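For reference, the chains in residue letters:
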Amino acid sequence: MLNAAIAGLGMIGLSRVPGATARLLAARAVLAGLEDAGLDVSDLDGLLVCRSGGASEAELGLNLQRTLALPNLSLLQVGYAEGASSIALIQVAALAVSSGMARVVACVFADAPLAAGQTARDAFSRRKPANGVDSLRYAAGLFGGASLYALAARRYMHLYGASSEHFGAVAIAARAWATMNPLAVFRQPLTMEEYLASRLIVAPFRLYDCAMPVNGAIAVIVTAAERAADLKKPPIHILGMGQAHPGIPDQKGFERGLCVAGRAAKETALRMAGIELADIDICQFYDAFTYSTIASLEAYGFCAAGEGKDFVAGGAIGPGGTLPVNTGGGHLSGYYLQGMTPVSEAIVQARGEGGARQCGKHEIVLATNDGGRFDHHACLVLSHTRRSRR
Amino acid sequence: MIAQGTSAPDNASSAFFEGLAAGQLKIQRCGACGAHQLAGDFCFKCRSSELDWVDGSGRGHVHSFVMVHSVFDPAFAHEVPYLAALVELREGPRLFARLRGVTPEEARVGMPVSAVIVELAAGVFAPVFAPLEGMDQ
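Here goes a summary of the coordinates provided. (Residues numbered from 1 in each chain as written. Chains lettered and ligands numbered in written order. Predicted model: local features only at pLDDT ≥ 70, side-chain atom pairs only at ≥ 80, totals over all residues. Heavy atoms only, no water.)

**Structural notes on the overall build of chain A**
Rules: Numbering of helices and strands runs from the N terminus; a helix is a DSSP stretch of H or I covering at least four residues, while a strand is a stretch of E covering at least two. In this setup the radius of gyration rests on C-alpha atoms only. A globule is expected at 2.2 Å times the number of residues raised to 0.38. By definition in these notes, contact holds between two residues if any of their heavy atoms fall within 4.5 Å. Each accessible area value is a Shrake-Rupley result obtained with a 1.4 Å probe; residue values ignore everything except the protein chains displayed when judging cover. Asp and Glu count as negative and Lys and Arg as positive, but His and the ends of the chain are not part of the count. Here the site of a charge means atom NZ of a Lys, CZ of an Arg, CG of an Asp or CD of a Glu.
From N to C terminus, chain A includes 14 helices and 11 strands. For chain A, the C-alpha radius of gyration of 19 Å lies close to 21 Å, the compact-globule estimate for 390 residues. Dimensions along the principal axes, computed over C-alpha positions, put chain A at roughly 55 × 45 × 40 Å. Within chain A, contacts between residues at least 6 apart in sequence are counted, and of these 76% link residues at least 24 apart. With an accessible surface of roughly 13,600 Å², chain A has 53% of that area assigned to carbon and sulfur atoms. Counting 34 positive and 32 negative side-chain charges, chain A places the averaged centre of each group 3 Å from the other.

**Regarding empty space enclosed by the protein**
For clarity, the cut-off: For each structure, a 1 Å grid was placed over the protein atoms alone; sets of points admitting a 1.4 Å probe that cannot get out are labelled cavities, open sets with protein on both sides within 12 Å along at least five of seven lines are labelled pockets, and lining residues have an atom within 4 Å of a point. Grid points are joined across faces, edges and corners, and a volume is the space filled by probe spheres set on the points.
Applying the stated criterion to the full structure yields 3 cavities of 30 Å³ or more. Reported here for the largest cavity is a volume of approximately 100 Å³. Together, 14 residues line the largest cavity, and Ala-152, Gly-257 and Arg-373 of chain A together with His-63 and Leu-86 of chain B are the ones closest to its centre. Secondary structure elements with two or more residues in the lining of the largest cavity: helix 6 (144-160) of chain A together with strand 4 (59-68) of chain B. The element best represented in the lining of the largest cavity is helix 6 of chain A, accounting for 4 residues. In this structure, the second largest cavity occupies an estimated 70 Å³ of space.

**What about the packing of aromatic side chains?**
Residue and element names in this part refer to chain A. The following threshold applies: For this analysis, a ring pair means two rings from Phe, Tyr or Trp (six-membered ring only for Trp) whose centres lie within 6.5 Å, classed as stacked if their planes differ by under 30 degrees, edge-to-face if by over 60, and tilted for the remaining angles. Only protein chains enter the accessibility calculation, which uses a 1.4 Å probe; a residue is then buried when its area is under 20% of its type maximum, exposed when over 50%, and partly exposed in between.
Counted by the stated rule, this structure contains 13 aromatic pairs over all chains. Pairing Tyr-138 with Phe-143 gives two aromatic rings, centres 5.6 Å apart and planes at 20 degrees, and the pair type is stacked. A single burial state applies to Tyr-138 and to Phe-143, both of which are buried. An angle of 80 degrees between the planes, with centres 6.2 Å apart, marks the rings of Phe-167 and Phe-205 as edge-to-face. Remark: Phe-205 occurs in strand 6 (residues 205-206) and Phe-167 occurs in helix 7 (residues 164-178); sequence separation between them is 38 residues. There is no split in this pair, since Phe-167 and Phe-205 are both buried. Clustering of aromatic rings is evident, with ring pairs tying together Tyr-149, Tyr-156, Tyr-160, Phe-167, Phe-205, Phe-289, Tyr-291 and Phe-374.

**Thoughts on the environment of Glu-79 of chain B**
All names here are of chain B. The condition that has to hold: Polar contact criterion, stated in full: a pair of N or O atoms within 3.5 Å, where within protein one must be able to donate a hydrogen and the other to accept it, and residues adjacent in sequence count only if both atoms are side-chain atoms.
Structurally, Glu-79 is set in the loop between strand 4 and strand 5 (82-89). Along the primary structure Glu-79 and Val-68 are separated by 11 residues, whereas in three dimensions their C-alpha atoms are 9.2 Å apart. Among the polar contacts listed, one links the side chain of Glu-79 to the side chain of Arg-98, at a separation of 2.7 Å.

**Observations regarding the interface of chain A and chain B**
Quite often, the size of an interface is put as the accessible area lost when its parts meet. Note the following rule: Buried area is understood as the total, over both parts, of accessible area removed when two parts are fitted together, assessed with a 1.4 Å probe. Here a salt bridge means any side-chain nitrogen of Lys or Arg lying within 4 Å of a carboxyl oxygen belonging to Asp or Glu.
Contacts between the two partners involve 37 residues from chain A and, on the opposite side, 46 residues from chain B. Between chain A and chain B, a total of about 3,500 Å² is buried, with carbon and sulfur atoms accounting for 62% of that surface. When the buried surface of chain A facing chain B is broken down by residue, Leu-136, Gln-251 and Lys-252 of chain A rank first, second and third, together holding 17% of it. If you look at where chain A meets chain B, you find 2 salt bridges. Two residues, Arg-94 of chain B and Asp-250 of chain A, come together in a salt bridge whose shortest N-O distance is 2.6 Å. On the surface where chain A and chain B come into contact, there are 14 residue pairs in polar contact (both at pLDDT 80 or more).

See the structure below:
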């Protein structure tokens with residue numbers, strides 16, 4: 001039986017200006033998370049670390065324990081599931097505190113892709129190692145995540161008649177939320193004209209279809225519900241969680257780009273939480289690209305296949321819409337800290353700390369992570385109330 | 001011209017890359033169940049390791065495509081914008097490849113294509129695909 005709550009949230013950096021290293025950012029985020037929870041370093045007995053695919057163990061890894069001189073760890077590991085790493089590690093923390101293997105676990109992600117004098121493109125050009133036939137992507141000139149997700153977006157356009165304006169609607173909704181988030185990197189309102197006039201990166205994707213890199217770190221402190229209830233901040237309970245990894249090669253008949261992974265994870269998470277899809281008040285999806293939001297809406301069943309494009313075009317996901325999505329601006333306009341971006345905003349909303357962007361209904365919040373090219377998926381169902389509504 | 005790591009054969013794919021160097025697009029056929037795949041240690045359908053390398057048809061269709069405008073790698077600075085695709089071979093496997101002989105306006109999902117093996121740089125070979133008129137998908 002799951003007995004886990006998020007007791008602390010630490011956010012450091014979130015800046016497009018180069019500064020501290022990933023390890024230093026991670027260390028500060030852990031300390032900030034403990035401070036937020038009202039806990040001391042001596043309370044910490046679990047540390048779960050994840051980093052960006054391009055970063056090395058030397059940059060951020062098990063060495064974080066020594067950086068912080070943590071004496072009491074009974075749980076320590078570096079975890080990796082590409083973009084799904086953050087939620088995957090929070091799930092491990094939830095299992096550890098539920099079983100009593102650890103009592104207070106910090107889960108941290110940090111990234112410092114921006115160095116002095118580098119552009120966003122430089123940062124995203126760092127190649128992930130690819131072996132065997134996977135390395136054909138580089139011979140084909142398909143670099144970065146943008147090219148692979150653009151392939152999925154084009155496939156979706158072909159199957160369902162989506163247009164650039166549909167992707168633009170996602171970018172504009174994310175920006176509308178970001179205007180109300182003091183931590184968001186891009187806070188100027190975005191119009192469809194500006195979206196359509198922005199330069200092409202990998203068509204069909206334009207500049208505003210893609211997240212921009214930031215340097216920063218986010219830590220989440222996980223503990224048992226009873227312990228969390230006695231701490232400084234209201235506990236945010238982990239009601240349910242799931243993962244899915246469709247590990248089959250790209251072959252005839254398989255529509256990888258249509259986010260099949262999310263579907264299986266959803267079933268597990270909703271069953272564990274004892275809720276139905278309609279009980280979810282707010283969604284925080286992994287939106288490194290605009291198309292990802294549409295794919296997630298359809299994978300989770302908020303829209304039927306092919307209808308996500310109309311859902312977003314109708315304003316449903318923006319401020320005042322029927323299903324608030326990525327309410328801090330997401331990756332696109334908020335801050336791109338991979339799997340921790342959806343998690344952090346889910347915690348903020350569930351707590352009711354969203355300020356100008358706070359949603360009225362915030363009892364149950366979904367946070368999702370996607371990794372690779374729709375290869376890995378993980379999700380959390382979070383609530384300020386321990387028992388579900390049913 | 002082409003940066004390191006562009007062609008990185010591993011155990012499962014060394015025959016694939018040797019095939020490219022000889023101007024052939026080789027794929028694996030499972031001796032147990034007959035499934036085709038690009039390159040693996042086991043058959044993705046039945047996990048048999050009885051895999052034979054066969055000459056692929058080199059024909060298929062565009063599953064999806066993109067037009068790359070940004071220069072992510074200096075080696076491609078003089079190439080942008082260019083078309084790249086995920087091509088589905090007749091036998092079933094899909095692979096990433098450049099498209100040639102087609103304009104961005106002409107490119108479409110479902111377009112029949114066939115492979116030509118090119119030498120991108122000394123010793124670095126890759127398949128590129130060009131439209132094949134009148135071929136069924």
